[in-house]
Amino acid sequence: MRVPSSVETKAQNYASELKERRWLSNKSFEITLTKPKDFRYIPGQWIRLSHHAVERDYTLVSAPTDPHLALCIRNIEQGTLSAGLSNAPVGSHFNFNGPHGYFTYRPSPRPAVFVATGTGLAPFVSMARSGVTGFLLLHGVNSTEDLYYAAVFKSAAKQYVPCISEADRSSGEYFQGRVSDYLRKILAPGLYDFYLCGRGEMIRDVTFLVDEKFSGSLIFTETFY
Amino acid sequence: MKIYTGTGDRGKTSLFSGQRISKTDDRIEAYGDMDELNSIIGALVASLGPEYSDPVEELQQIQTDLFAISALLATTPDSPSMDTIAGVGQDHIEFLEKSIDRMSDALPELKGFILPGGHSTAAWAHMARTVCRRTERRIVRFLDASFKMQAPDSYQRSLIYINRLSDYLFVAARYCNHLFDTPEKLWQK
């Protein structure tokens, strides 16, 4: 399936309602929001969600053709909005502005390498749910508990490689190390389209690695904090 | 929120279309000058102040157009990223031309070379004009080197826009002096 790389997506203000909350792990959950009738977006784009005068940006994990909007939230103790979202009752009203961003999939003859750390996986979830296939996905996490979207990538990804850097090194199913270690040691030199989403440190390390080992490849980035 | 990732610490930067290129590349020089031009127009807007809402709105529209051209310059024409880039159209060029005509109608006839300056707003407009001309030269150099002047229409339209913008800024400088009752000083040999 070909995913449109461009549609008219001028950001506007919308009102929405919480439909469902599904816990994915001890710390993370996915919320489903009603989708305003005229809201259009491209997989990889984000919205600015506001609730009780607090704003936070979240990338949509739903597919544009889904009847609802979905967001993956990591519950941070100091995070006022994520804490609010973790216990807001179904039916709560939210406002959001969007869609925003250019971190969208651009089909090309080169193999796509998606690299995420933590919830930086969000845009790739939306892309996979929208029919993007055949990519290599490296997902840097602290624990296997954070691999809650593995099923989404089972058929979409050519290869899904969880990279576990710190804890839980017991299983051989996963690459033990950072995503940058995988790229340095395992991925064959060549020309790729790299899509990087996650912590600034990962983006910097992988960018330098691409300059050295995969020179001539393309890099698209989105920094998650 | 941190604005730095450090990916440019080793002298390369990323284009919107994903390529990693040297910061001395002609393309980077071109949109670097666009950035400078946009900033000087920002200084002109600031010196006018909010009470001059009409020219301020017009200049802010121009700043928005310059962003669109910068995005275009940061994108290679054969890339899928180009689908998301609007650039500027004929209507943007006509917007400048109509404004030039409207300001010119309010101004006395030009009878020689004028010294750049006068009111501080006019001085900013002249600064913007000269940087606009340099930007144009950089874009031409980049297009010459990359496309042998067979550049895609979107780039050609940007070049026309920048050329027209220099004329606009010259007239805008004179208009600022007119607006603030500041006499223009003619060049005396």
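What you see is a predicted model, and the numbers here were worked out from it, not measured in a lab.

**Q** I'm lost on the overall build of chain B in this one. Help?
**A** Within chain B, the regular secondary structure consists of five helices and two strands. For chain B, the succession of helices and strands along the chain, N to C, is β-β-α-α-α-α-α. Against the globule reference of 16 Å for 189 residues, chain B gives a C-alpha radius of gyration of 18 Å, in line with a compact fold. Taking the principal axes of its C-alpha atoms as reference, chain B extends roughly 50 × 40 × 35 Å.

**Q** Which parts of the structure should I look at to understand the sheet that holds strand 1 (residues 12–23) of chain A?
**A** In a beta sheet, neighbouring strands are held together by backbone hydrogen bonds and run either parallel or antiparallel to one another. All names here are of chain A. The strand order across the open sheet formed by six strands is 4-3-6-1-2-5, and the pairing between neighbours is antiparallel. Two strands close off the open sheet at either side, each with one partner strand: strand 4 (54–59) and strand 5 (68–74). Mean inter-strand twist for the sheet, computed between neighbouring axes without regard to direction, equals 40 degrees. Summarising the sheet, strand 2 (residues 28–34) and strand 5 pair through seven bridges and their orientation is antiparallel. Each bridged residue has a counterpart across the sheet, and for I31 the counterpart in strand 5 is L71.

**Q** What should I look at first to understand the interface of chain B and chain A in this one?
**A** Often, the extent of an interface is quoted as the loss of accessible area upon association of its parts. Taken residue by residue, the interface counts 15 residues in chain B and 19 residues in chain A. Per-class residue counts for the side of chain B that touches chain A are two nonpolar, eight polar and five charged.

**Q** Honestly, the packing of helix 1 (residues 26–48) of chain B against helix 4 (residues 120–147) of chain B in this entry has me stumped. Any pointers?
**A** Packed helices, taken two at a time, are described by the angle between their axes plus the distance between the axes. All names here are of chain B. Running from amino to carboxyl end, helix 1 crosses helix 4 at an angle of 165 degrees, the nearest separation of the two axes being 8 Å. With respect to each other, helix 1 and helix 4 are oriented roughly antiparallel. Our pair here, helix 1 against helix 4, has a crossing hand that is left-handed.

**Q** Explain the nonpolar core here, please?
**A** Considering soluble globular proteins, one finds that nonpolar side chains tend to be buried as a cluster. In terms of nonpolar packing, the biggest core is built from 62 residues, with L71, F114, V115, L137, F194, L196 and V206 of chain A touching the most fellow members. In contact with F194 of chain A, not counting residues within four places along its chain, are V113, V115, V206, V210, S217, L218 and I219 of chain A. Core analysis: the second largest hydrophobic core is formed by 44 residues, L48, I62, L73 and C176 of chain B among them.

**Q** Sorry, what's going on with unusual backbone geometry here?
**A** Note: most residues except glycine have negative phi, and most peptide bonds are trans. Looking along the chain, the bond that leaves G98 of chain A and enters P99 of chain A is cis, with omega of 0 degrees. Relative to the helices and strands, P99 of chain A is located in strand 6 (residues 93–100). With a phi close to 65 degrees, A53 of chain A is a non-glycine residue in the positive phi region. With respect to the helices and strands, A53 of chain A occurs in the loop between strand 3 (46–51) and strand 4. Judged by local crowding, A53 of chain A falls into the exposed class, with 6 C-beta atoms found within 10 Å. Although it is not a glycine, D181 of chain B sits at a positive phi angle of roughly 50 degrees.

**Q** Could you clarify how one ought to interpret the sheet that holds strand 7 (residues 112–117) of chain A in this entry?
**A** All names here are of chain A. With parallel pairing, six strands are arranged side by side in an open sheet as 10-9-8-7-11-12. The sheet is open, and its two edges are formed by strand 10 (175–176) and strand 12 (218–223), each paired on a single side. Those strands touched by helix 5 (residues 200–213) are strand 7, strand 8 (135–141), strand 11 (193–198) and strand 12, and its axis lies near 160 degrees from that of strand 11.

About the thresholds
Residues numbered from 1 in each chain as written. Chains lettered and ligands numbered in written order. Predicted model: local features only at pLDDT ≥ 70, side-chain atom pairs only at ≥ 80, totals over all residues. Helix = DSSP H or I, 4+ residues; strand = E, 2+ residues; numbered from the N terminus. Rg over C-alpha atoms; globule rule 2.2 N^0.38 Å. Pairing = 2+ DSSP bridges. Axes fitted to C-alpha atoms, helices over the stretch in contact; angles between N-to-C directions. Contact = placed C-beta atoms within 7 Å. Nonpolar A, V, L, I, M, F, W, Y, C, P; charged D, E, K, R; others polar. Parallel < 35°, antiparallel > 145°, perpendicular 65-115°, else oblique. Left-handed = near helix turned anticlockwise from the far one by under 90°. Core = buried A, V, L, I, M, F, W, Y, C linked by C-beta atoms within 7 Å. Buried ≥ 20, exposed ≤ 12 C-beta atoms within 10 Å, placed from the backbone.

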